[in-house]
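Chain residues, written in single-letter form:
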Amino acid sequence: SELIIFNRCTDDEVLKDYLRSIKAVNSGVEVLFEDNDGYPITVRLDEDLPYNINDDRIDLADADYGLWFIDITERAEIYEGKTIHLKAMALKAKKMPDNLFIFGRRAVTCCADDIQFLGYACSYDPNQLSVKNGDWIDITGTIKLEDFKPYGGGGPVLHATQVEKTSKPKEELIYFVR
């Protein structure tokens, strides 16, 4: 099979077992889970990530930003307190406080007309480095879940311990299409 759909699902932990069993037999199959109302349920196995989620420090390769972004969006609580090191672009609006910027990458989710910036807030010491809009930066910091007004509630904020300017990655865009 190329696609297997489970519907009327309820228990996420059991779904992980189902997913592992199916992937063991057919690693290339796409598996979808739906709840009782037909809405998709995201089931991610830690072993599918290109880094070890159990490490206290995660060094993200340039190509892994998209997968990390989706995972932290869906399961932010498992990243709280972890140190993250990555390369990203900085967005700095004029009305932002000096100690804040948004880090992220531009992503193609469908086609070239559909490019979006995917990022999160970063708190840092502006005396360490003046970050400008569009700068490519190398960041190391700790993820904390906190209220952030632009998120419309709580979410991950990276508290940077080190911020340095860097060169663009070989591939500036990340892709979610095949």
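Residues numbered from 1 in each chain as written. Predicted model: local features only at pLDDT ≥ 70, side-chain atom pairs only at ≥ 80, totals over all residues. Heavy atoms only, no water.

## Focus on the overall build of the protein chain
Rule in force here: By the criteria applied, helices consist of DSSP H or I runs no shorter than four residues and strands consist of E runs no shorter than two, each listed in order from the N terminus. Exposed residues in this analysis have more than 50% of their type's maximum accessible area, buried residues have under 20%, and partly exposed residues fall in between, with area computed by a 1.4 Å probe over protein chains only. Throughout, a residue-residue contact means that at least one pair of heavy atoms, one from each residue, lies within 4.5 Å. Only the protein chains shown count as covering a residue, and every accessible area follows the Shrake-Rupley method with a 1.4 Å probe.
When you go through the protein chain residue by residue, the secondary structure sums to two helices and ten strands. Mapped from its N terminus to its C terminus, the protein chain presents α and β elements in the order β-α-β-β-β-α-β-β-β-β-β-β. Counting only C-alpha atoms and orienting by the principal axes, one finds that the protein chain spans roughly 55 × 30 × 30 Å. Taken over 178 residues, the protein chain has a buried fraction of 39%. When contacts within the protein chain are restricted to residue pairs at least 6 apart in sequence, long-range pairs at least 24 apart make up 64% of them. Looking at the protein chain as shown, the accessible area adds up to about 10,500 Å², and 47% of this sits on carbon and sulfur atoms.

## Structural notes on the pattern of salt bridges
The condition that has to hold: Just to be clear on terms, a salt bridge is a Lys or Arg side-chain nitrogen sitting within 4 Å of an Asp or Glu carboxyl oxygen.
A full pass over the atoms with the stated rule returns four salt bridges. The partner of K165 in a salt bridge is D135, and the shortest N-O contact between them spans 3.6 Å. Of this pair, K165 sits in strand 9 (residues 153-165) while D135 is found in the loop between strand 7 (115-123) and strand 8 (136-148), placing the two residues 30 residues apart along the sequence. Taking the relative accessible area as the measure of exposure, K165 reaches 42% and is therefore partly exposed. Residue classification places D135 among the buried residues on the basis of a relative accessible area of 15%. Here E172 and K168 are joined by a salt bridge, their closest N and O atoms 3.5 Å apart.

## Remarks on the nonpolar core
The following threshold applies: By convention a nonpolar core is built from buried Ala, Val, Leu, Ile, Met, Phe, Trp, Tyr and Cys residues, the set being connected through side-chain atoms within 4.5 Å.
By size, the foremost hydrophobic cluster in this structure holds 31 residues, and its most contacted members are W68, Y79, F101, F103 and I139. Taken together, the elements giving at least two residues each to this core come down to helix 2 (65-74), strand 5 (83-91), strand 6 (100-108), strand 7, strand 8 and strand 9. The residues touching F101, leaving out its near neighbours within four places in the chain, are A90, L91, K92, M96, Y120, A121, C122, Y124, V131, I137 and I139. Core analysis: the second largest hydrophobic core is formed by ten residues, L19, V31, F33 and I41 among them.

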